[in-house]
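# A look at the structure
The primary structure of each chain is shown beneath.
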Amino acid sequence: MAVYADFRGLPESARGASIALGNFDGLHAGHRAVMDAAKIAGHGAFSVATFEPPPRAYFRPGDPPFRIFRPERRNAAILAAGAATVFELPFNGEMASMTDEGFVRSVLVEGLGVSHVSVGFDFRFGRGRMGHAQRLSSLGRALGFGVSIVEEITGHGAKASSTAIRQALVAGEPEIAAEMLGNPWTADGIVESGERNGRKLGFPTANIQLGELIHPKHGVYAVRARIEGEDSWRPGVANFGRTPTTGLRDPLLETHIFDYSADLYGKRIEVQLIAFLRPELKFASLDLMVEQMHKDAAEAREILATPG
């Protein structure tokens, strides 16, 4: 993968690109429009520059997890969309203190040597978010590169944004998130050993920590899962939460893949949230919980078997 973790010391072959600039968490329709604008500008190779960590993580380190994509998934999706390079601009104290002009001169001109820059209409940059898209356009004219400003993209009756996607996931509305993303939201991680309660109850699960990924609404979902080394998606049912019936613990995504029994410990899996079935509940007994689990599995099978 052609990914650079800095804007300094780049080989000449990576400089001079037409870049899409922004956070690109989730690659929703607005992000894709910004990328398309950089592609069609016709000045240098099409590349993407984003911030790592995101400015929000730098300024508000105590916030709950909010990433829609892990950086590796984001970068892979950007490259799959045709970008020659991904520049992960290190967001630290140095960058946070740059003025808008300082950022353009140091990062875009001296560092990346940009030929063209595409941004969204609401892009802000520089110390205290002092710069905006029109200011970038003015600086571009003065410093010798073109600028495209992409207007607002709407979806599901609202602005297609990372914020709206996060709100949909937290509200237990994965279908709305999927409409804005263009695909179902996907969690991924390494399967870890759990308490094996699911296996004892007839519902073995592949358990992953979401970590820095946004935590969707606690509850049960119809899902599709893809196992490392496989191309196809398998249907299943998953619970995200703290399992109040068997003992509270940190939130975990527990996925039961239908008609599958092989050991997955240590493997990477991807889990798409397709539909929210119900909130997480505390049952009076394990028998009642298992009864509900069978109902959940039947409902998930029905949803996943329905075309579209």
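An account of the accompanying structure is given in this report. Please read these numbers as outputs of a predicted model, since none were measured by experiment. (Residues numbered from 1 in each chain as written. Predicted model: local features only at pLDDT ≥ 70, side-chain atom pairs only at ≥ 80, totals over all residues. Heavy atoms only, no water.)

### Examining the overall build of the protein
Basically, it comes down to this: Helix numbering and strand numbering both begin at the N terminus, where a helix is a DSSP run of H or I of at least 4 residues and a strand a DSSP run of E of at least 2. Exposure categories follow from relative accessible area, calculated using a 1.4 Å probe and restricted to protein chains: below 20% of the type maximum is buried, above 50% is exposed, and the middle band is partly exposed. Whether two residues are in contact is decided by their heavy atoms: any pair within 4.5 Å suffices. For the area figures, the Shrake-Rupley method with a 1.4 Å probe applies, and any residue is considered shielded solely by the protein chains shown. Only four residue types enter the charge count, namely Lys and Arg as positive and Asp and Glu as negative; His and the chain termini do not. Here the site of a charge means atom NZ of a Lys, CZ of an Arg, CG of an Asp or CD of a Glu.
Helices and strands together make up the secondary structure of the protein, namely 10 helices and 16 strands. Considering only C-alpha atoms, the protein reaches an extent of 70 × 40 × 40 Å along its principal axes. Looking at the protein residue by residue over its 308 residues, the buried ones come to 49%. In the protein, the share of contacts with a sequence separation of at least 24, taken over all contacts with a separation of at least 6, comes to 72%. Approximately 14200 Å² of the protein is accessible, and the part contributed by carbon and sulfur atoms is 51%. Across the protein, the 33 positively charged side chains and the 36 negatively charged ones have centroids separated by 2 Å.

### Some points on the packing of aromatic side chains
When we look at a pair of aromatic rings, we describe it by the centre distance and by the angle of the planes. For the record, the criterion: Only Phe, Tyr and Trp rings take part, Trp by its six-membered ring, and two of them pair if their centres are within 6.5 Å. Stacked means planes under 30 degrees apart, edge-to-face means over 60, and tilted covers everything else. For a Lys NZ or an Arg CZ to count as sitting over a ring, it must be within 6 Å of the ring centre and within 35 degrees of the ring normal.
A full pass over the atoms with the stated rule returns nine aromatic pairs. Relative to Phe91, the ring of Phe51 lies with its centre 6.0 Å away and its plane at 85°, an arrangement referred to as edge-to-face. With Phe51 in strand 3 (residues 46-52) and Phe91 in the loop between strand 4 (86-90) and helix 4 (93-96), this residue pair connects regions lying 40 residues apart in the sequence. With respect to burial, Phe51 and Phe91 carry one shared label: buried. Ring geometry for Tyr58 and Phe91: centres 5.5 Å apart, planes at 70°, overall edge-to-face. Within this pair, whereas Tyr58 is found in helix 2 (residues 55-59), its partner Phe91 is found in the loop between strand 4 and helix 4, the two being separated by 33 residues in sequence. Classification of Tyr58 by relative accessible area gives partly exposed; the value is 35%. Grouping aromatic residues by their ring pairs yields a cluster made of Phe51, Tyr58, Phe59, Phe91, Phe103, Phe123 and Phe125. Sitting over the face of the ring of Phe66, Arg56 holds its NZ or CZ atom 4.3 Å from the ring centroid. Geometry around Phe258 places Arg301 over its ring, the cationic atom sitting 4.1 Å from the centre.

### Comments concerning the side chain of Asp296
Among the secondary structure elements, Asp296 is positioned in helix 10 (residues 286-305). Judged by relative accessible area, which is 3%, Asp296 ranks as buried. Excluding residues that lie within four positions of it along the chain, Asp296 makes contacts with Val220, Val237, Leu277 and Arg278.

### A few points about the sheet that holds strand 16 (residues 268-279)
The test is simple: Two strands qualify as a pair provided DSSP detects at least 2 bridges between them. Axis definition: a line fitted to C-alpha atoms, over the contacting stretch in the case of helices. Angles run 0 to 180 degrees between N-to-C directions.
Ordered in space as 11-16-13-14-15-12, the six strands form an open sheet in which the pairing is antiparallel. Only two strands of the sheet have a single partner each, and these edge strands are strand 11 (186-190) and strand 12 (206-208). Geometrically, the sheet is characterised by an average inter-axis angle of 35° between neighbouring strands, direction not taken into account. Along the sheet, helix 8 (residues 174-181) contacts strand 13 (219-227) and strand 16; its crossing angle with strand 16, the most-contacted strand, is approximately 130°.

### So, the side chain of Asp100
The line we're drawing: For this analysis, a polar contact is any N or O atom pair within 3.5 Å, provided that within protein one partner can donate a hydrogen and the other can accept it, and provided that sequence-adjacent residues contribute only side-chain to side-chain pairs.
Tracing the backbone through its elements, the reader meets Asp100 in helix 5 (residues 100-111). Overall, the relative accessible area of 6% leaves Asp100 in the buried class. At 3.0 Å, the side chain of Asp100 forms a polar contact with the side chain of Arg135. Residues in contact with Asp100, not counting those within four places in the same chain, are Phe125, Gly126, Met130, Gly131, Arg135 and Leu139.

### Focus: the packing of helix 7 (residues 162-170) against helix 8
Note the threshold: Each angle receives one of four descriptions, namely roughly parallel if under 35 degrees, roughly antiparallel if over 145, roughly perpendicular if within 65 to 115, and oblique otherwise. If you view the pair so one helix is near and one far, a crossing is left-handed when the near helix is turned anticlockwise from the far one by less than a right angle, and right-handed when it is turned clockwise. Side-chain classes are defined by residue name, with Ala, Val, Leu, Ile, Met, Phe, Trp, Tyr, Cys and Pro counting as nonpolar, Asp, Glu, Lys and Arg as charged, and the others, Gly among them, as polar.
Relative orientation of the contacting elements helix 7 and helix 8 amounts to 160°, with a least axis distance of 7 Å. Relative to helix 8, helix 7 is oriented roughly antiparallel. As for the relative orientation of helix 7 and helix 8, their crossing is left-handed in sense. Packed against helix 7, whose contacting residues are Ala164, Ile165, Ala168 and Leu169, the element helix 8 presents Pro174, Ile176, Ala177, Met180 and Leu181 at the interface. Residue classes in the contact of helix 7 with helix 8 are distributed as nine nonpolar, no polar and no charged.

That's the geometry; what it means functionally is another story.
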